[in-house]
Amino acid sequence: MASAAVEILGLGLGILGWVGVILACGLPMWQVSAFIDVNIVVAQTIWEGLWMNCVVQSTGQMQCKVYDSILALRPEVQAGRALTVIVALLGLVALMVTVVGAQCTNCVRPGKMKSRIVIAGGTIYILCGVLVLVPLCWFANIVISDFYDPSVPPSQKREMGAALYIGWAATALLLFGGCLICCCSCSQRDETSFPVKYSAPRRPTSNGEYDKKNYV
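Owing to the predicted nature of the structure, the values given are computational and were not obtained by experimental measurement.

Turning to the overall build of the protein chain, a few remarks are in order. Helix and strand counts for the protein chain stand at four helices and five strands. Each helix and strand of the protein chain, placed in order from N terminus to C terminus, yields the pattern α-β-β-β-β-α-α-β-α. In the protein chain, which comprises 216 residues, the share counted as buried stands at 35%. For the protein chain, the proportion of contacts with a sequence separation of at least 24, taken over those separated by at least 6, is 64%. Surface summary for the protein chain: the accessible area is close to 13,000 Å², and the carbon and sulfur share equals 67%.

Okay, structure coming up:
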């Protein structure tokens, strides 16, 4: 019962991380304007994401524009698009695989195969966390490098947006949830792989026959 609860907890964390990756992928706030000038009162704020960039006016009005050309995008944006879409699809696969092999479902008979299916689902969740970590760290490295580069004009300097922090939180959930699923399934398989067998010693009685009271 305890292992099933831990498995459900890992599945829930994996689902939350998967939803977080989808949210971070769609948000345009991967890079935002850095207010480092003497006068911090500006008329507009620039947001840059994987699919569009937005300009937010001081009045609250926002205008967004989808990128026109895919091939003209920077390498980190192209890689971020590809990896986040792959993670979104793999997260769906991991969800279905884990549900099929979960202890609370009867899609597969209990046994080694059921445990292996759950381990496969947890491994896919861990793979999703590793894949989505690549564009997040890539964007963060570029933002930090440009921010401290004196050759970059202050108007073109950027800061890390909310989408990066959401993505890192989603990565942690995916990794932790996948590890919980794998560890729980491995422990369950170890417990059921070696059944305890008992055999009573066969001792002959005084009349030469074996005592039958030791047999069930």
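Read on for the rest.
This next bit is on the state of the cysteines. With the rule as written, the count across this model stands at one disulfide. The disulfide bridge from cysteine 54 ends at cysteine 64, spanning 2.0 Å between sulfur atoms. Residues cysteine 54 and cysteine 64 are joined through a disulfide that is right-handed, its torsion about the S-S bond being 105°. Of this pair, cysteine 54 sits in strand S3 (residues 52–57) while cysteine 64 sits in strand S4 (residues 62–66); the two residues are ten residues apart in sequence, bridging distant segments of the chain.

Now for the side chain of arginine 158. Along the chain, arginine 158 turns up in strand S5 (residues 158–160). A distance of 3.4 Å separates the side chain of arginine 158 from the side chain of glutamate 48, its partner in a polar contact.

Before going further, it helps to spend a moment on helix H1 (residues 2–26). Helix length check: H1, at 25 residues, gives a terminal C-alpha distance of 37 Å against a target of 36 Å (1.5 Å per residue), a fit within 8%. Those residues of H1 that sit buried are Ala4, Glu7, Gly10, Leu11, Leu13, Gly14, Gly17, Trp18, Gly20, Val21, Ala24 and Cys25.

Turning our eyes to something else, we now look at the sheet that holds strand S2 (residues 44–48). What holds strands together in a sheet is hydrogen bonding between their backbones, with the strands either parallel or antiparallel. Read across the open sheet, the five strands follow the order S4-S3-S2-S1-S5; overall the sheet is antiparallel. Of all strands in the sheet, those with a lone pairing partner are S4 and S5, marking the two edges. Direction aside, the axes of adjacent strands within the sheet are offset by 25° on average. Note that strand S1 (residues 31–33) and S2 share two bridges and pair antiparallel. The residue bridging valine 32 from the neighbouring strand is tryptophan 47, located in S2.

Here the focus is the packing of helix H2 (residues 75–101) against helix H3 (residues 112–147). Packing of H2 against H3 brings their axes to within 8 Å, and their N-to-C directions diverge by 160°. By the criterion of interaxial angle, the relationship of H2 to H3 is roughly antiparallel. Here the hand of the crossing between H2 and H3 comes out left-handed. Its residues placed into classes, the contact of H2 with H3 shows 26 nonpolar, seven polar and two charged.

Okay, H2 next. Under the 1.5 Å per step criterion, the end-to-end length of H2 is 38 Å for 27 residues, consistent within 8% with the ideal 39 Å. Listing the buried residues of H2 in full gives Glu76, Val77, Gly80, Arg81, Leu83, Thr84, Val87, Gly91, Ala94, Leu95, Thr98 and Gly101.

Before going further, it helps to spend a moment on the environment of valine 97. Of note, valine 97 is situated in helix H2. The exposure class of valine 97 is partly exposed, given its relative accessible area of 23%. Spatially, the C-alpha atom of valine 97 lies 9.1 Å from that of isoleucine 124, the residues being 27 residues apart in sequence. For valine 97, the residues in contact, after removing those within four places along its chain, are Ile117, Ala120 and Gly121.

A few words on the pairing of S2. Summarising the sheet, S2 and S3 pair through five bridges and their orientation is antiparallel. Of the residues in S3, the one forming a bridge with tryptophan 47 is cysteine 54. Hairpin geometry of S2 and S3 is characterised by an intervening segment of three residues between the two adjacent antiparallel strands.

Cut-off values and rules
Residues numbered from 1 in each chain as written. Predicted model: local features only at pLDDT ≥ 70, side-chain atom pairs only at ≥ 80, totals over all residues. Heavy atoms only, no water. Helix = DSSP H or I, 4+ residues; strand = E, 2+ residues; numbered from the N terminus. Buried < 20%, exposed > 50% of the residue type's maximum accessible area, 1.4 Å probe, protein only. Contact = heavy atoms within 4.5 Å. Areas by Shrake-Rupley, 256 points an atom, 1.4 Å probe, with all protein chains shown as cover. Disulfide = S-S within 2.5 Å. Polar contact = N/O pair within 3.5 Å; in protein donor to acceptor, adjacent residues only side chain to side chain. Expected span 1.5 Å × (residues − 1). Pairing = 2+ DSSP bridges. Axes fitted to C-alpha atoms, helices over the stretch in contact; angles between N-to-C directions. Parallel < 35°, antiparallel > 145°, perpendicular 65-115°, else oblique. Left-handed = near helix turned anticlockwise from the far one by under 90°. Nonpolar A, V, L, I, M, F, W, Y, C, P; charged D, E, K, R; others polar.

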